[in-house]
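Architecture and fold: a report
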Amino acid sequence: MSNVVFQVKPYPVDLPVRHYGELSTGYDEYLSSVKSVGALPITLPHGEKQVEVTCENIGRLAFLRDGDLSHFILALHTPEDETQVVAVYLQGKWWPVGDVLKTSNKSRCGLVLVESVMERVVLFLLSQVIFGILERPLGEDLYFSVYSMWEHGKILWQNGEAVGFYTIKKKGSLCDSCTGQSYQLPVLDSVFVRSHWRRTGLALQMLEDFCSSQPSEAILGISFPVSPGMYGVCKKFLEIHEEERDRLYEVEAPGGWAQRRNVWLNIQLRDFPKHCGNSEQSPQCSYSHERSEANLEEEGILQQCESSVSLKDTSSSGKKRPADQTNTGTNLKKART
């Protein structure tokens, strides 16, 4: 009887990428070939539909920003809607978004710290494409800004798939690039669970992980304003963990005592957003003060492959608002050839 070796299909997150610059290696040559060869159809998973790869529906997604440094990945969108990203170009080929969120590494299970380049790409897709566009609740205008490459976060993996994440602003980290202020306490900045996996206690699991990973004597924050769904999760958590009631606060940056409100006290006073008891009707997310100061400017739609038009861009405005509001959380630019 012969031994049969089954090869495990590797996904992008399982492939070695040492530097962010490797993601854009060969982009110019590939775009030139697309322009010269013409339309090339690719089939999305399960044979749902074919999308033609042309210069008109390839864009650049800015997935990391740190000062003047930007990193881009190529994205394929549907011809009829340039915000609907269906695939990204990684390791010399197109990958459907769903495949980029999968792993064949069985050790990647549960909450895993974001460390590698490809894990940063997964975090980006979850926050900007999945939450930002594909799973946005009707009437919901809140979004997550693009994360820094130094952002501390964890991705929640279940059965080989990324199903959620949370990010933290560490004590001492800068609140933004303008004021020079630093966070005075660890702050749970954003939490998200994909719609198919809600109502299973995963947001509660992430909140527990955040609290248990911090020193027991530390005061902890959750970014203001806390969403109704996240308030529901906090209520469940504090009913179970009474010892955490005195150290969990809703905070505005940088988190001084005048900028903190005890979460359990808010719950007791019923001073929280409406419908917080139904924690699964909206994404499990909170939004930082830094994100509440973004000013979205419409610069135009994607037109030609040679252009570099920004679909959506962000800039600091100094105007305080309850949370970021826009039609899409992505920054999609037309790729240059």
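In this text the structure is predicted, and so the values were computed from the model without any measurement. (Residues numbered from 1 in each chain as written. Predicted model: local features only at pLDDT ≥ 70, side-chain atom pairs only at ≥ 80, totals over all residues. Heavy atoms only, no water.)

Moving on to the confidence of the model for the chain. Looking at the chain, the pLDDT average stands at 76 and 72% of residues meet or exceed 70. Considering only residues more than four positions removed or in separate chains, one finds that residues 276-284, a stretch of pLDDT under 50, has 27 contacts. (pLDDT = per-residue confidence, 0-100. Contact = heavy atoms within 4.5 Å.)

At a minimum axis distance of 10 Å, the contact between helix 4 (residues 202-212) and helix 5 (residues 228-240) shows a crossing angle of 60 degrees. Compared by their axis directions, helix 4 and helix 5 come out oblique. For the element pair helix 4 and helix 5, the recorded crossing hand is right-handed. For the pair helix 4 and helix 5, contact is made by A203, L204, L207, E208 and C211 and by M230, V233, C234, K236, F237 and I240, respectively. Of the residues that constitute the contact of helix 4 with helix 5, the class distribution is nine nonpolar, no polar and two charged. (Axes fitted to C-alpha atoms, helices over the stretch in contact; angles between N-to-C directions. Helix = DSSP H or I, 4+ residues; strand = E, 2+ residues; numbered from the N terminus. Parallel < 35°, antiparallel > 145°, perpendicular 65-115°, else oblique. Left-handed = near helix turned anticlockwise from the far one by under 90°. Nonpolar A, V, L, I, M, F, W, Y, C, P; charged D, E, K, R; others polar.)

The way to describe two aromatic rings as a pair is by their centre distance and the angle between their planes. Counting across every chain of the model gives seven aromatic pairs. Relative to W94, the ring of Y89 lies with its centre 5.2 Å away and its plane at 65 degrees, an arrangement referred to as edge-to-face. Both residues of the pair, Y89 and W94, count as buried. Through successive ring pairs, a cluster of aromatic residues spans Y27, Y30, Y89 and W94. Directly above the ring of W95 sits K93, whose terminal nitrogen or CZ lies 4.3 Å from the centroid. (Phe/Tyr/Trp six-rings, centres within 6.5 Å; stacked < 30°, edge-to-face > 60°. Buried < 20%, exposed > 50% of the residue type's maximum accessible area, 1.4 Å probe, protein only. Lys NZ or Arg CZ within 6 Å of the ring centre and 35° of its normal.)

We now examine the nonpolar core. One broad rule of soluble globular proteins: the nonpolar side chains tend to lie buried together. In terms of nonpolar packing, the biggest core is built from 52 residues, with L23, I73 and W94 touching the most fellow members. Element by element, the count of residues in this core is highest for helix 3 (residues 117-134), at 11 residues. Residues contacting L23, with those up to four places away along its chain left out, are V17, F63, I73, L90, V117, M118 and V121. Counting 30 residues, the second largest nonpolar core, distinct from the first, contains L156, M206, L220 and V233. (Core = buried A, V, L, I, M, F, W, Y, C linked by side-chain atoms within 4.5 Å.)

What follows covers the pattern of salt bridges. Inspection of the entire model under this criterion finds nine salt bridges. Of the charged contacts in the structure, one is a salt bridge between R108 and E119, with a shortest N-O distance of 3.6 Å. On the criterion of sequence distance, the pair formed by R108 in the loop between helix 2 (97-100) and strand 7 (110-113) and E119 in helix 3 is long-range, its members being 11 residues apart. Here R108 and E119 have matching classes, each one buried. Here E239 and K235 are joined by a salt bridge, their closest N and O atoms 2.7 Å apart. (Salt bridge = Lys/Arg side-chain N within 4 Å of Asp/Glu carboxyl O.)

Our focus in this paragraph is the sheet that holds strand 7. Strand order in the open sheet made by the seven strands is 7-8-9-10-11-12-13, with mixed pairing throughout. Strands with a single pairing partner mark the edges of an open sheet, and in this sheet they are strand 7 and strand 13 (260-262). Strand after strand, the sheet turns through a mean of 35 degrees between neighbouring axes, direction not considered. In this sheet, strand 10 (residues 187-193) lies alongside strand 9 (residues 161-169) in antiparallel orientation, the contact comprising six bridges. In the sheet register, I168 faces strand 10, and the bridge partner there is L188. Each of strand 7, strand 8 (152-158), strand 9, strand 10, strand 11 (220-223) and strand 12 (248-251) touches helix 4; the most contacted strand, strand 10, lies at about 155 degrees to it. (Pairing = 2+ DSSP bridges.)

With that out of the way, let us pick up the environment of R194. Structurally, the position occupied by R194 is in the loop between strand 10 and helix 4. Between the C-alpha atoms of R194 and E135, which are 59 residues apart in sequence, the distance is 7.5 Å. Among all residues touching R194, those that are not within four sequence positions of it are L101, L126, I130, E135, E161, A162 and V163.

We now examine helix 4. For an α-helix, 3.6 residues make a turn, and residues three or four places apart therefore share a direction. Across the 11 residues of helix 4, eight count as buried, placing the element largely inside the fold. Among the residues of helix 4, those classed as buried are L202, A203, L204, M206, L207, D209, F210 and C211.

A word on helix 1 (residues 27-37). Among the residues of helix 1, Y27, Y30, L31 and V34 are the ones counted as buried. In an axial view of helix 1, the angular spread of the buried residues amounts to 95 degrees, which keeps them on one side of the axis. Every exposed residue of helix 1 that faces more than 90 degrees away from the buried side is listed here: D28, E29, S36 and V37. Positive phi appears at G38, one or two residues downstream of helix 1, with a value of about 100 degrees. (Arc of directions from axis to C-beta.)

Turning to the pairing of strand 8, a few remarks are in order. Two faces, one strand: in a regular strand the side chains alternate between the faces of the sheet. The element strand 8 is largely enclosed, with a buried count of five among its seven residues. Bridge count between strand 7 and strand 8: four bridges; the pairing is antiparallel. Within strand 8, the position partnered with L113 by the bridge is K154. Between the antiparallel neighbours strand 8 and strand 9 lie two residues, among them N159 with a positive phi of about 50 degrees.

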